[in-house]
Protein chains: 2
Amino acid sequence: MIVNNLQLPYYAVIFTTVVSENLEDYEKTARKMATLATQQKGFLGMDSARNEIGITVSYWKTLDDITAWKNNAEHTLARNLGREKWYKNYQLRICKVEREYGFLK
Amino acid sequence: MIVNNLQLPYYAVIFTTVVSENLEDYEKTARKMATLATQQKGFLGMDSARNEIGITVSYWKTLDDITAWKNNAEHTLARNLGREKWYKNYQLRICKVEREYGFLK
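Structure report, in brief. (Residues numbered from 1 in each chain as written. Chains lettered and ligands numbered in written order. Predicted model: local features only at pLDDT ≥ 70, side-chain atom pairs only at ≥ 80, totals over all residues. Heavy atoms only, no water.)

### Considerations on the overall build of chain A
Of regular secondary structure, chain A possesses three helices and four strands. Along chain A, helices (α) and strands (β) appear in the sequence β-α-β-β-α-α-β when read from the amino end. The C-alpha radius of gyration computed for chain A amounts to 14 Å, which stays within 12% of the reference 13 Å derived for 105 residues, consistent with globular compactness. If one aligns the C-alpha atoms of chain A with their principal axes, the spans along those axes are about 40 × 30 × 20 Å. Across the 105 residues of chain A, 48% fall into the buried class. At a minimum sequence separation of 6, the contacts of chain A that also span at least 24 residues come to 76%. Summing over all exposed atoms, chain A offers an accessible surface of approximately 5700 Å²; the carbon and sulfur share of this is 54%. (Helix = DSSP H or I, 4+ residues; strand = E, 2+ residues; numbered from the N terminus. Rg over C-alpha atoms; globule rule 2.2 N^0.38 Å. Buried < 20%, exposed > 50% of the residue type's maximum accessible area, 1.4 Å probe, protein only. Contact = heavy atoms within 4.5 Å. Areas by Shrake-Rupley, 256 points an atom, 1.4 Å probe, with all protein chains shown as cover.)

### Focus: the interface of chain A and chain B
Across the boundary between the two partners, chain A contributes 47 residues, which contact 47 residues of chain B. The junction of chain A with chain B conceals about 4100 Å² of combined surface from both sides, 53% of it contributed by carbon and sulfur atoms. Of all residues in chain A, the largest losses of buried area upon contact with chain B belong to Ile2(A), Arg93(A) and Phe103(A), amounting jointly to 17% of the total for that side. One salt bridge in this structure joins Arg93(A) and Glu100(B), with 3.1 Å as the shortest N-O distance. Viewed at the interface, chain B and chain A are joined by 31 residue pairs in polar contact (both at pLDDT 80 or more). When contributions to the side of chain A that touches chain B are tallied by element, the ones reaching two or more residues are strand E1 (10–19), strand E2 (43–50), strand E3 (54–60), helix H2 (63–71), helix H3 (73–86) and strand E4 (87–104) of chain A. In terms of residue class, the side of chain A that touches chain B is built from 24 nonpolar, 10 polar and 13 charged. Where E4(A) and strand E4 (residues 87–104) of chain B come together, 15 bridges link them in antiparallel fashion. From the neighbouring strand, Arg93(A) faces E4(B), where its bridge partner is Glu100(B). (Buried area = accessible area lost by both parts, 1.4 Å probe. Salt bridge = Lys/Arg side-chain N within 4 Å of Asp/Glu carboxyl O. Polar contact = N/O pair within 3.5 Å; in protein donor to acceptor, adjacent residues only side chain to side chain. Nonpolar A, V, L, I, M, F, W, Y, C, P; charged D, E, K, R; others polar. Pairing = 2+ DSSP bridges.)

### Observations concerning helix H3 (residues 73–86) of chain B
Residues and elements named next belong to chain B. With 14 residues, H3 should reach 20 Å at 1.5 Å per residue; the first-to-last C-alpha distance of 19 Å fits that figure. Looking at H3, one finds that the buried residues are His75, Ala78, Gly82, Lys85 and Trp86. Across the axial projection of H3, the buried residues extend over an arc of 110°, all falling on one side. Turned more than 90 degrees away from the buried face of H3, the exposed residues are Ala73, Leu77 and Glu84. Buried-residue contacts for H3 involve strand E1 (10–19), helix H1 (26–38), helix H2 (63–71) and E4. Measuring from the backbone nitrogen of glutamate 74 back to the side-chain oxygen at the start of H3 gives 3.0 Å, which picks out asparagine 72 as the cap. (Expected span 1.5 Å × (residues − 1). Arc of directions from axis to C-beta.)

Have a look at this one:
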């Protein structure tokens, strides 16, 4: 399933990644961070897909909620490991969702 | 590779999809639309990943460029086929990118 039915206004964090060869503890930490994110104030949902590259989009009520999650201690530790070990390249974009269209059969 | 080094301000279109069992002509059309998108005015880049779900994020200079691409005749035809045949569920979000952070090793 994908994230549907969010109410405007809200924010999207687009996290696009290229991983390195060293993926020790990566899956475990990624799962832990995904779970931890869902427990944060203002978290609205998350979609994630990976093949050659990874794209994770998380949705948040306010910019302050995104900043608080960024500053979460466990998340900061994971991010530092990500830079040291797992990621060759990533791009993180913070966006205001302005319009939304859904289709469900 | 992923899309890096875009200059603010710009827009992101997040297209999240769940496909159906009937994927006849899907890959061919998806590739054709990806190529056609790159030829549109205001197109800045595109990232795409798929496993259980698909996420494609395209980047555009202005909202008008996004509207023009939406109204492109071939794109409209493909979108109609998508609703008829390929997609069980999709969500399309048009977003203004407000901040961006990159990491490249």
